[in-house]
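Here's the letter readout for the chains.
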Amino acid sequence: MSTRTGPQHYPGANRDHWYQDDFGGDRMEVNVVVLHTTEGRSLPDYQGGSAAPNLTAVPDFAARKLKWYQHFEIDVSSRALVNKRGGVETNTLNVCQAELVGTCDPDLHAKWKARDQAHVYWPKAPEWALRAVAEYLAWMHIHHHVPLRGPTLWPAYPKSAGNGGGQRMSGERWNAFKGVCGHMHVPENAHGDPGALDFEGLLGFAKAAVQD
């Protein structure tokens with residue numbers, strides 16, 4: 001689908017790391033948001049943009065907010081998912097992808113915590129961080145009609161890697177899906193992020209933000 005409706009830039013997002021001019025992308029009408037975690041503490045370079053999502057959210061701990069960077073328009077396919085030949089479409093199947101800087105890995109969280117290195121451990125994210133992601137989801141719902149619903153299974157990493165938690169969608173289910181999911185739910189992919197995100201709480205904040 002090539003029709004694009006709704007605003008293409010998330011309000012306030014920095015576009016200094018813009019990759020669409022270099023990598024193009026398919027035009028589409030988004031009805032899915034896929035959430036990732038970067039497994040790092042700063043804005044990645046995404047291999048020069050060749051593996052970039054549509055947006056990245058970087059924690060600003062002093063201000064207790066997320067700083068958003070946009071790399072592709074909302075209704076243009078980005079590049080953060082594996083898409084195998086001969087199977088279903090992933091990046092190009094009406095998906096807007098958002099990377100959340102931080103980790104879902106308890107071992108990495110423990111290492112950073114021991115070194116007193118500031119980071120968000122997304123399974124135990126502070127409320128301000130969850131609310132900031134929820135505001136983005138609310139905006140996607142209002143302006144791009146992405147349903148505020150998603151899978152019930154959000155297993156913890158590393159169980160979520162591969163399909164260890166039984167959470168990964170079949171190709172048929174993926175093709176029919178509309179809503180919000182994680183990298184760990186997308187077929188043809190093996191990553192386990194964003195792990196045991198408080199998805200129920202996140203959706204609750206998003207639905208409240210829609211009502212504001």
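Up top you'll find the structure we're talking about.
Please read these numbers as outputs of a predicted model, since none were measured by experiment.

A.B. asks: I'm lost on unusual backbone geometry in this one. Help?
C.D. replies: Glycine aside, a negative phi is what most residues show, and trans is what most peptide bonds show. Of note, the amide linkage connecting tyrosine 157 to proline 158 takes the cis form, showing an omega dihedral of 10°. As for its position among the elements, proline 158 is in the loop between α3 (127-144) and α4 (171-176). The backbone of tyrosine 46 shows a phi angle near 50°, a positive value even though the residue is not glycine. Counting through the fold element by element, tyrosine 46 comes out in the loop between β1 (32-37) and β2 (55-60). Assessed through its relative accessible area of 7%, tyrosine 46 is described here as buried. Of note, the phi angle at glutamine 47 is positive, near 55°, even though the residue is not glycine. With respect to the helices and strands, glutamine 47 occurs in the loop between β1 and β2. The exposure class of glutamine 47 is exposed, given its relative accessible area of 63%.

A.B. asks: Help me understand the environment of proline 158, please; the structure alone is not making it clear to me.
C.D. replies: Residue proline 158 is classed as exposed on the basis of its relative accessible area of 55%. Spatially, the C-alpha atom of proline 158 lies 32 Å from that of tyrosine 10, the residues being 148 residues apart in sequence.

A.B. asks: I keep staring at the pattern of salt bridges and nothing clicks. Help me out?
C.D. replies: Two side chains with opposite charge may pair up if their charged atoms get near one another. One pass over the structure, following the stated rule, counts 1 salt bridge. As a salt-bridge pair, arginine 131 and glutamate 127 come within 2.7 Å of each other at their nearest N and O atoms. With arginine 131 and glutamate 127 both in helix α3, this residue pair falls 4 residues apart, about one helical turn. For arginine 131, a relative accessible area of 37% puts it in the partly exposed group. Residue class for glutamate 127 comes out partly exposed when judged on its relative accessible area of 46%.

A.B. asks: What should I look at first to understand the packing of aromatic side chains in this one?
C.D. replies: Centre distance and the angle of the planes are the two values used to describe a pair of aromatic rings. For the structure on display, the rule yields 6 aromatic pairs. Relative to phenylalanine 199, the ring of tryptophan 154 lies with its centre 4.4 Å away and its plane at 25°, an arrangement referred to as stacked. Here tryptophan 154 is found in the loop between α3 and α4, whereas its partner phenylalanine 199 is found in helix α5 (residues 199-211), with 45 residues between them in sequence. Across the pair, phenylalanine 199 and tryptophan 154 agree in class, each one buried.

A.B. asks: Where do I start with the pairing of strand β3 (residues 65-70) in this structure?
C.D. replies: A regular strand places its side chains on the two faces of the sheet in alternate fashion. Bridging between β2 and β3 involves 6 bridges; their strand directions are antiparallel. Bridge pairing in β3 links leucine 55 to glutamine 70. Between β2 and β3, which pair antiparallel one after the other, the connecting turn spans 4 residues, and arginine 64 there sits at a positive phi close to 55°.

A.B. asks: How should the sheet that holds strand β4 (residues 95-100) be read in this particular structure?
C.D. replies: Backbone-to-backbone hydrogen bonds pair the strands of a sheet. The strands run either parallel or antiparallel. Read across the open sheet, the 5 strands follow the order β3-β2-β4-β1-β5; overall the sheet is mixed. The sheet is open, and its two borders are formed by β3 and β5 (179-182), each paired with just one other strand. With strand direction ignored, the average angle separating the axes of adjacent strands in the sheet is 25°. Across 6 bridges, β1 lies against β4 in parallel orientation. What sits directly across from valine 34, in β4, is glutamine 97. Along the sheet face, α3 touches β1, β2, β3, β4 and β5 and points at about 45° away from the line of β3.

A.B. asks: Help me understand the nonpolar core in this model?
C.D. replies: A general feature of soluble globular proteins is that nonpolar side chains tend to end up buried together. Of all hydrophobic cores here, the largest spans 37 residues; its most connected members are Trp68, Trp122, Tyr136, Leu137, Met140 and Leu202. At 10 residues, the largest contribution of residues to this core is made by α3. Contact partners of methionine 140, with chain neighbours within four places excluded, come to Val30, Val33, Ile74, Cys96, His145 and Val146.

Criteria and thresholds
- Residues numbered from 1 in each chain as written.
- Predicted model: local features only at pLDDT ≥ 70, side-chain atom pairs only at ≥ 80, totals over all residues.
- Heavy atoms only, no water.
- Helix = DSSP H or I, 4+ residues; strand = E, 2+ residues; numbered from the N terminus.
- Buried < 20%, exposed > 50% of the residue type's maximum accessible area, 1.4 Å probe, protein only.
- Salt bridge = Lys/Arg side-chain N within 4 Å of Asp/Glu carboxyl O.
- Phe/Tyr/Trp six-rings, centres within 6.5 Å; stacked < 30°, edge-to-face > 60°.
- Pairing = 2+ DSSP bridges.
- Axes fitted to C-alpha atoms, helices over the stretch in contact; angles between N-to-C directions.
- Contact = heavy atoms within 4.5 Å.
- Core = buried A, V, L, I, M, F, W, Y, C linked by side-chain atoms within 4.5 Å.

Purely spatial values, then, with no claim about function.
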